[in-house]
Number of protein chains: 2
Amino acid sequence: VPNFSEGRDLKVVAALEAAIAGVAGAIVLHRTSDADHNRSVITFAGSGDAVVEAAVQAAAVASGLIDLTQQRGVHPRLGALDVLPFVPLEGATLEDCIALARRAGERIWQELGIPVYYYQAAALRPDRVRLEDVRRGQFEGLREAALIDESKAPDLGGPRLHPTAGAVIIGARKILIAYNINLRSTNLAVAKEIARAIRASNGGLPAVKALGLPLESRALVQVSMNLTDFEQTPIHVVFGEVERLAAERGIAIEESEIIGLLPRKALEMAFAHWLKLPVFEAANVIETRLEQAMELKSVS
Amino acid sequence: VPNFSEGRDLKVVAALEAAIAGVAGAIVLHRTSDADHNRSVITFAGSGDAVVEAAVQAAAVASGLIDLTQQRGVHPRLGALDVLPFVPLEGATLEDCIALARRAGERIWQELGIPVYYYQAAALRPDRVRLEDVRRGQFEGLREAALIDESKAPDLGGPRLHPTAGAVIIGARKILIAYNINLRSTNLAVAKEIARAIRASNGGLPAVKALGLPLESRALVQVSMNLTDFEQTPIHVVFGEVERLAAERGIAIEESEIIGLLPRKALEMAFAHWLKLPVFEAANVIETRLEQAMELKSVS
């Protein structure tokens, strides 16, 4: 899921997407650009070899077309290709993604001369797990700091950053579900109270980040969440807990929404939970059985 | 989903499966044999051309290896290949399946000389919609009756049935979900009462067949159901209604179980319902998006 520091010049974004889509076996799933942030995210998938190759190609194009000495936007950034998390889909593990992050980092440094910081599950140092900690100071601050403070130097390459492309922050993380629940109420204090009660950092539900927000145009309030490990705290558990906390306050859930994509396993877990199915497996689904059978046939 | 009149000699069943699996593009998903019934069901999927070809091949092998003048079992049967329903999977309609049923029927009669009755959505006459009505009298009765009573004659070929392979009953129907809910109670009357309340034939939920059964070894009772149109009455609606009727009687649901396979859309409908997602689409699922993107790429 590469994040690029360009969200205004859509010709540049198209060139980045073309670099990815041009790699055999790399499939672009989603693309979004924001002009205020001056940033684009292109979600793509494929085999390990394909995603590493596509990431290196995209880093090369970004390095050629994005000049951080000129780039401005409200979103902090350290590199032309700013952040590059690898995320396991069905059949892959977080460990696989850490290995891919390392391979991509080595090639980006060796072939393109762009230094690399590793973060999240791929971090080499505990103070580099959080993206915010790695990127603090951004391009302008870190290109100075890295030269004089070893603790700020890249994990690979450096200490001098690339003069226009900065550095790439490469990581591995589980898939994240962006999930909002809208409450039939205009009482913002209640949404904030529920968000506080469920967020992991306050001792609530593990792997849940939550904020209370107003939805003024709709006369509703929202509990806006990121589920950073849906297998640890499934989406149906989050819904149930927010429903319970809202009901205690006499408030009903109006609706909920998933922003972007979610893994199929989240549906399967919710289905098994709600129907009280003790032995439900993905292979009970006709289409899954069919896909598995077709893979076996094409392998054999 | 062909049903064959052989469930004891597994060499015959293996030959039937091999005939299907040998057709390019036909994928065997599931196979089950019952010795008491002396019957086997082989579920397979593929493009329209592939499933028609595989059905004709399987009918030929069944005709060569199964002799109804010798075959005995507790399950009624009219043909060596007894029943052949075509069922639409994602991307196909019931109308597509009616057309496939007709093509398969014409080939089975023309190429193999086995007469054909059409049933369910492929029926040509209202009194042949229900399988039970078509098969009444079985092989022994119908081979006589068809000769003297025009209303009993096959829709295609005949009136003389094939001397050893009988006739094939070919149809089209929506996918069926076999679904059981176990109640935390030993009161069989309650399970029967709930089954009566929900079954379509009593004015309950459309497209639901239901029976109340004892599960003596587990000291539970069961509402055992067939959902014949899960888009009309979704599985989550059935669960909710049984839960409500049981709760009125002070009884909780212990668990539920899906027998065999169910379509992915049933999961997606339940997920959107329970999370109150007004705009959930299958393409919100990463794997679905990926499959769609891969199909586009392989087509282009």
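Structure report, in brief.

**Brief notes about the side chain of N3 of chain A**
Residues and elements named next belong to chain A.
Step number 1: Mapped onto the elements, N3 comes out in strand β1 (residues 3-4).
Step number 2: Reaching out from N3, the side chain makes a polar contact with the backbone oxygen of V1 at a distance of 3.0 Å.
Step number 3: Residues within four places of N3 in sequence aside, it is in contact with R39, S40, V41, A80, L81, D82, V83 and P85.

**Some thoughts on the sheet that holds strand β1 (residues 3-4) of chain B**
Paired through their backbone hydrogen bonds, the strands of a sheet run either parallel or antiparallel.
All names here are of chain B.
Step number 1: Pairing is mixed in the open sheet, where 6 strands are placed in the order β2-β3-β1-β4-β6-β5. With one partner strand each, in any of the chains shown, β2 (27-34) and β5 (116-120) form the two edges of the open sheet.
Step number 2: The pairing of β1 with strand β4 (residues 81-86) spans 2 bridges and is classified as antiparallel. Counted as the bridge partner of F4 is L81 from β4.
Step number 3: Packing against the sheet, helix α1 (residues 10-21) makes contact with β1, β2 and β3 (39-45), and its axis sits at approximately 165° to β2.

**Considering the interface of chain B and chain A**
Step number 1: The interface is formed by 48 residues belonging to chain B together with 48 residues belonging to chain A.
Step number 2: Summed over both partners, the interface of chain B with chain A buries about 4200 Å², with 68% contributed by carbon and sulfur atoms.
Step number 3: The tally of links between chain B and chain A comes to 0 salt bridges.
Step number 4: Summed over the shared surface of chain B and chain A, the result is 16 residue pairs in polar contact (both at pLDDT 80 or more).
Step number 5: Broken down by element, the residue count for the side of chain B that touches chain A peaks at 9 residues, all from helix α9 (residues 286-299) of chain B.
Step number 6: When its residues are assigned to classes, the side of chain B that touches chain A shows 32 nonpolar, 5 polar and 11 charged.

**What to know about the packing of helix α1 (residues 10-21) of chain A against helix α2 (residues 48-65) of chain A**
All names here are of chain A.
Step number 1: Their axes nearest at 8 Å, the elements α1 and α2 cross at an angle of 155°. Of the possible angle classes, the one that applies to α1 and α2 is roughly antiparallel. α2 is crossed by α1, and the crossing has right-handed handedness. Residues V12, A15, L16, A19 and I20 of α1 lie in contact with α2, whose contacting residues are A54, Q57, A58, V61, A62 and L65.
Step number 2: Considered class by class, the residues forming the contact of α1 with α2 number 10 nonpolar, 1 polar and no charged.

**Let's talk about helix α3 (residues 94-112) of chain A**
All names here are of chain A.
Step number 1: The terminal C-alpha atoms of α3 lie 26 Å apart, and with 19 residues this matches the ideal 27 Å at 1.5 Å per residue to within 8%.
Step number 2: Within the span of α3, buried status applies to L94, C97, I98, L100, A101, A104, G105 and I108. Projected down its long axis, α3 carries its buried residues within an arc of 160°, all on one side. Structural note: α3 exposes E95 and Q110 on the side pointing more than 90 degrees away from its buried face.
Step number 3: Residues of α3 that are buried in the fold lie against α2, β4 (81-86), β5 (116-120) and β6 (168-172).
Step number 4: A positive phi of about 70° marks G113, the residue just after α3.

Here is what the cut-offs are and how they apply
- Residues numbered from 1 in each chain as written.
- Chains lettered and ligands numbered in written order.
- Predicted model: local features only at pLDDT ≥ 70, side-chain atom pairs only at ≥ 80, totals over all residues.
- Heavy atoms only, no water.
- Helix = DSSP H or I, 4+ residues; strand = E, 2+ residues; numbered from the N terminus.
- Polar contact = N/O pair within 3.5 Å; in protein donor to acceptor, adjacent residues only side chain to side chain.
- Contact = heavy atoms within 4.5 Å.
- Pairing = 2+ DSSP bridges.
- Axes fitted to C-alpha atoms, helices over the stretch in contact; angles between N-to-C directions.
- Buried area = accessible area lost by both parts, 1.4 Å probe.
- Salt bridge = Lys/Arg side-chain N within 4 Å of Asp/Glu carboxyl O.
- Nonpolar A, V, L, I, M, F, W, Y, C, P; charged D, E, K, R; others polar.
- Parallel < 35°, antiparallel > 145°, perpendicular 65-115°, else oblique.
- Left-handed = near helix turned anticlockwise from the far one by under 90°.
- Expected span 1.5 Å × (residues − 1).
- Buried < 20%, exposed > 50% of the residue type's maximum accessible area, 1.4 Å probe, protein only.
- Arc of directions from axis to C-beta.

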